[in-house]
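Breakdown of the fold
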Amino acid sequence: MKKLLLFLFVATMQISTAQESLDLNYYLPQNITYDPSIPKPADVIGHEVGEWHVTHDKLMFYMQTLAKASDRITIENRGETYEGRPILLLTVTSPKNHANLEQIRQAHLALTDNNGNNASLENMPIVVYQGFSIHGNEPSGANAGLAYAYYLAAAQGPEIEALLDQEIILMDPSFNPDGLQRFAYWANTNKSKNLNPDGNEREYHEVWPGGRTNHYWFDMNRDWLPVQLPESRARIESFHKWMPNILTDHHEMGTNSSFFFQPGEPTRVHPLTPKINQELTAEIGSYHAKALDKIGSFYYSEENYDDYYYGKGSTYPDVQGSIGILFEQGSSRGHIQESDNGLLTFPFTIRNQFTTALSTIEAAKNMRTKILSYQRDFYKDTRANAAKSKTKAIVFGDAKDANKTWHLAEILNRQKIKFHELSKDATINGVAYKKGSSYVVPMDQKNNRLIQAMFEKRTTFTDSLFYDISGWTFPMAFNVDYSEMGSLSNAGQEITDFKPLTGGVDAMSNYAYLFEWNEYYTPKALNRILNKDIRAKVAKSPFTLEGRQYDYGTIMVPVQNQEMDPKALYAFLDEVAKESRINITSVGTGLTKGIDLGSNDFDLIKKQEVAILVGNGISSYDAGEIWHLFDQRYDMKITKIDTEYFTRADLSRYTAIIVPSTRGSLDKKIAEQIKDWVSSGGTVIGYKNAAEWFNKNELTKFTFKKDTLLAKNISFEQREKFFGAQETGGAIFQTRLDRSHPINFGYKNNTLPMFRDTNVYIEPSKDSYNNPIQYTNDPLLSGYVSEENLKLLKNSVPFQVNRMGRGRVIVFTDNTNFRAFWYGTNKLLMNAIFFGQSM
Ligand SMILES: [Zn+2]
């Protein structure tokens, strides 16, 4: 019967009318019985699995229905996406285990603590976390989840019962609800009654930005370590709540590919991941191979994909005694597509995902005690090494920016890394740390390896290819000072109740208010002030007033001759300071040491109205990061103008326009329009490749440094490696700052680590005052860069500003807004916007 069904299925696929014969049995193991009281997906959502792309709301409705019907499943909502979708998690295990779930969880967590060393593993369930479609346009995983959850709820017999007795399955049906919804809409609205496998069909070519990313166009599968997005926060919380033994991450890749499962490239495993992790991964892989052989599906492993960046879902668990597994299925993208392997149907891709979800829990059952003891040993080893560590603690902080420092501590808090307050202000290794804006992280703790993964600098590698970034040293991303300490003498109380910071105005003034520009949220405060049409000025020189020093970029709000009376102004500023968690100081005199408050060295700051170019030809990641920065962090309005209608838009209302990194070439008419607008006073800010586009269209006249790399003694087979090694996938480089230049206002140090993931290099200007940010002579701080590129980078400049008519053209060759966690350089963009006029 099974063979006949399969035959019928394949036969009908060929005439492209898949849905007529599509049956749940195509996915399910057939030699077992299913509980008839459990509703099948089609009974609830109105279509068969694989017939349509499941929308997120239908997926959730089915999971909720299933949880009500089955005593094996409980369901919880862990939060909301930016678009308000629930972030659900199913816990699947035997009813007996459900009755003792909290006890089982505690015993499991104890395994990773000191008192777990003697625990008996004999009857301890293994914990498996299975997550689907973190990239929304890789939907076979989430769609397989329908059949998989049904199987877990409905399958009968001793085999499944034994399995559920020995496992706690945490099923995350949609890692990226907003992206899944966006893609389902696309694939379904373009579907024809007669399925069309022609690769040119619109169904297989999503419109910009596509469904891969979340609401703000972030790649959700890079955020497991920085945890900046709501979906990741829910996930990381569940991870630490359960410390799963295996975590799987179901993806899709190109249409002509078969199926990939980890282990990946053996030379591209992060050195902090133990060897045994990869051995266990390979042993689990043998279960996937067997299961895929059985249904005739092709696959590969140990190629293409790596296990390096801990911000990815399949690598993140590897530094925590768990085993992360990446699955990649060749994508039908829509419902059916021609491929090198014949017609690739959506149901076929779903079945492979379903099959490997099942082989994962089979491997977990058979390898249960082995994997549990691996986790126990991992923490035993980690603790032993941590106790021996010469470095006893890391202190980090920014004496002038408590908020940015707080946000780094927030990541530690989310990752369950313990930290203390600084006992008192102290100078450590020559750096001044202030209590309240510094934290101390002891190395002798359970998550020692995770701390290393976040804080270490690495500049030598066994391989020169990286699937993602090669450097992510967190204190550099945050541009905080940090030092290793040989003792815990500066550690104060452990912080167990981590609260947001507060702010306010110290007193009412009849003269003026001041705040320095260093705090992370000062742009948010300034924007609020300007939007109320209150006059504010920026100090272009430092000064001392009433015993306090004020640095470059201090903001001054005069009291007299404002729209508000002094009392209302005080109340308003207090509200702004509280919202932005900054401190504003009232002063009673304008006489200072240095520039007086009435000096012409205070520039009036204009109210800003900012637009950003988005759409075809623009990198959606880079654009999304900027949108998110304005909207979520600074509560600033930013108008997204699509490249499709940009030339029809009236630009006169905007003070600044941002052109994120470009992909390919933009319409020349866009450049012409920007040129006119800049000439009449606008500030245009271009990122990365946009700098070259500006140059080509004569908005700027920078000299770019180009490599003259020739492939010498490189064989045909080696060519990909050769060119791959020249890619700057993402690393951190040291720059030197001229702090008197407005682009650097708010930075207290003379150096600034910058993140770059391009090979765009600009020659410094001959006039040194035009090079306020310049790479040092030895700039590599963390990550991989080829020798050739490093040579080009040395002493080049990541920032330039040119005047054009009454306006400014500003370029950054680096990404100052990377993935929402590069807090350290966010202010550069804000400086370009608010102080562009002063440059
Ligand atoms: Zn993916």
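Residues numbered from 1 in each chain as written. Predicted model: local features only at pLDDT ≥ 70, side-chain atom pairs only at ≥ 80, totals over all residues. Heavy atoms only, no water.

Scanning the chain for helices and strands turns up 24 helices and 36 strands. What you see for the chain is a C-alpha radius of gyration of 28 Å, in line with the 28 Å of a compact globule of 839 residues. Across its three principal axes, the chain shows a C-alpha extent of roughly 90 × 65 × 65 Å. Counting over 839 residues, the chain shows a buried share of 63%. (Helix = DSSP H or I, 4+ residues; strand = E, 2+ residues; numbered from the N terminus. Rg over C-alpha atoms; globule rule 2.2 N^0.38 Å. Buried < 20%, exposed > 50% of the residue type's maximum accessible area, 1.4 Å probe, protein only.)

Coordination of the zinc ion by the protein comes from His135 (ND1), Glu138 (OE), Glu138 (OE) and His251 (ND1), over a distance range of 2.0 to 2.7 Å. For the zinc ion, the four donor atoms in the first shell make angles of 53 to 153° at the metal, so the coordination geometry reads as irregular. If you list the donors of the zinc ion from N- to C-terminus, the spacing comes out as H-x2-E-x112-H. On the criterion of sequence distance, the pair formed by His135 in the loop between β3 (126–132) and α7 (140–154) and His251 in strand β5 (residues 246–253) is long-range, its members being 116 residues apart. Judged by relative accessible area, which is 2%, His251 ranks as buried. (Donors = N, O, S within 2.8 Å, 3.2 Å for Na, K, Ca; no water. Tetrahedral: all angles 85-135°; square planar, octahedral: opposite > 155°, others 65-115°.)

Our next topic: the nonpolar core. By size, the foremost hydrophobic cluster in this structure holds 229 residues, and its most contacted members are Tyr148, Phe630 and Ile658. Among the elements that take part in this core, α7 stands out by supplying 11 residues, more than any other. Core analysis: the second largest hydrophobic core is formed by 11 residues, Ala512, Tyr550, Val587 and Phe602 among them. (Core = buried A, V, L, I, M, F, W, Y, C linked by side-chain atoms within 4.5 Å.)

The next point concerns the environment of Asn826. The residue Asn826 is located in helix α24 (residues 826–835) in this model. For Asn826 and Tyr520, which are 306 residues apart along the polypeptide, the C-alpha to C-alpha distance reads 8.4 Å. Setting aside its immediate chain neighbours within four residues, Asn826 contacts Tyr520, Leu629, Arg633, Tyr634, Tyr747, Thr816 and Asn817. Polar contacts involving the side chain of Asn826 include one to the side chain of Tyr520, which spans 2.5 Å. A polar side-chain atom of Asn826 sits 3.4 Å from the main-chain carbonyl oxygen of Trp822. (Contact = heavy atoms within 4.5 Å. Polar contact = N/O pair within 3.5 Å; in protein donor to acceptor, adjacent residues only side chain to side chain.)

Scored by pLDDT, the chain has a mean of 95; 98% of the residues are at 70 or more. Low pLDDT (under 50) marks residues 1–18, which in the prediction has 20 contacts with non-local residues, meaning those over four places away or in another chain. (pLDDT = per-residue confidence, 0-100.)

Turning our attention to the packing of helix α17 (residues 522–531) against helix α18 (residues 566–579). Geometrically, a packed helix pair is captured by the angle between its two axes and the distance between the axes. Relative to each other, α17 and α18 sit at 150°, their axes nearing to 9 Å. Put simply, α17 runs roughly antiparallel to α18. Handedness of the α17/α18 crossing: right-handed. Every residue of α18 that contacts α17 at Lys524, Ala525, Arg528 and Ile529 is listed here: Phe572, Leu573, Glu575, Val576 and Glu579. Here the residues of the contact of α17 with α18 are counted per class, giving five nonpolar, no polar and four charged. (Axes fitted to C-alpha atoms, helices over the stretch in contact; angles between N-to-C directions. Parallel < 35°, antiparallel > 145°, perpendicular 65-115°, else oblique. Left-handed = near helix turned anticlockwise from the far one by under 90°. Nonpolar A, V, L, I, M, F, W, Y, C, P; charged D, E, K, R; others polar.)

Of all the six residues making up strand β32 (residues 751–756), five are buried; the element is thus mostly covered by neighbouring parts of the structure. Across six bridges, the pairing between strand β31 (residues 731–737) and β32 is antiparallel. For Gln734, the partnering residue across the bridge sits in β32 and is Pro753. (Pairing = 2+ DSSP bridges.)

Moving on: helix α11 (residues 275–294). Helix length check: α11, at 20 residues, gives a terminal C-alpha distance of 30 Å against a target of 28 Å (1.5 Å per residue), a fit within 8%. Of the residues making up α11, those classed as buried are Asn277, Gln278, Leu280, Thr281, Ile284, Gly285, Tyr287, His288, Ala289, Ala291 and Leu292. Looking at the buried residues of α11, the elements they touch are β5, β6 (259–261), β7 (323–330), α12 (346–366) and α13 (368–388). Once α11 finishes, Gly296 follows within two positions and takes phi at roughly 80°, a positive value. (Expected span 1.5 Å × (residues − 1).)

Next up on the list: the pairing of strand β9 (residues 342–345). Summarising the sheet, strand β8 (residues 336–339) and β9 pair through four bridges and their orientation is antiparallel. Directly across from Ser339, in β9, lies its bridge partner Gly342. Connecting β8 to the next strand, β9, in antiparallel fashion are two residues.

Next up on the list: the sheet that holds β7. What the seven strands build is an open sheet, ordered β1-β2-β4-β3-β5-β7-β6; its pairing is mixed. Edge positions in the sheet fall to β1 (73–80) and β6, since each has one partner strand and no second. Neighbour-to-neighbour, the strand axes of this sheet turn through a mean angle of 20°, independent of strand direction. Alignment of strand β2 (residues 86–92) against strand β4 (residues 167–172), held across three bridges, turns out to be antiparallel. Residue pairing in the sheet places Thr91 in a bridge with Leu170 of β4. Lying on the sheet, helix α10 (residues 230–242) is in contact with β1, β2, β3, β4 and β5; it crosses β1 at an angle near 135°.

Take the pattern of salt bridges next. Evaluation of the coordinates by the stated rule reveals 40 salt bridges. Taking the shortest distance from any N to any O, the salt bridge between Asp165 and Lys96 comes out at 3.8 Å. Here Asp165 is found in helix α8 (residues 158–166), whereas its partner Lys96 is found in helix α5 (residues 95–99), with 69 residues between them in sequence. Accessibility expressed as a relative area gives 55% for Lys96, which makes it exposed. Among the ionic pairs, Arg414 bridges to Glu410, the shortest N-O distance being 2.9 Å. One end of the pair, Arg414, and the other, Glu410, are both in helix α14 (residues 402–414), four residues apart, so they sit about a helical turn from each other. (Salt bridge = Lys/Arg side-chain N within 4 Å of Asp/Glu carboxyl O.)

With that out of the way, let us pick up α8. Among the residues of α8, Ile160, Leu163 and Leu164 are the ones counted as buried. Angular distribution of buried residues about the axis of α8 spans 95°; they occupy a single face of the element. Buried-residue contacts for α8 involve β2, α5, α7, β4 and α12. (Arc of directions from axis to C-beta.)

For the rest of this paragraph, the subject is the environment of Glu161. Structurally, Glu161 can be placed in helix α8. For Glu161, a relative accessible area of 43% corresponds to the partly exposed category. Placed 67 residues apart in sequence, Glu161 and Ser94 show a C-alpha to C-alpha distance of 6.9 Å.

Our focus in this paragraph is the environment of Ile126. Of note, Ile126 is situated in strand β3. Classification of Ile126 as buried rests on a relative accessible area of 0%. Distance from Ile126 to Trp242, taken between C-alpha atoms, is 10 Å for residues 116 residues apart in sequence. The residues touching Ile126, leaving out its near neighbours within four places in the chain, are Gln166, Glu167, Ile168, Asn245, Ala364, Arg368, Ile371 and Leu372.

Here the focus is the sheet that holds strand β21 (residues 548–550). Through backbone hydrogen bonds, the strands of a sheet pair up, either in parallel or in antiparallel fashion. Taken in spatial order, the three strands line up as β21-β20-β24 in an open sheet, and their pairing is antiparallel. A strand with exactly one partner marks an edge of an open sheet, and here the two such strands are β21 and β24 (593–594). As judged from the three bridges shared by strand β20 (residues 543–545) and β21, these two strands associate in the antiparallel manner. When the bridges of β21 are listed, Phe543 appears paired with Tyr550.

What follows is about the side chain of Gln130. With respect to the helices, strands and loops of the structure, Gln130 is situated in strand β3. Looking at Gln130, its side chain comes within polar contact range of the side chain of Tyr148, at 2.5 Å. Within the structure, Gln130 has its side chain in polar contact with the backbone oxygen of Ala357 (distance 3.0 Å). Apart from the residues within four sequence positions on either side, Gln130 is in contact with Tyr148, Ile169, Leu170, Met171, Asp172, Thr248, Ala357, Thr360 and Ile361.

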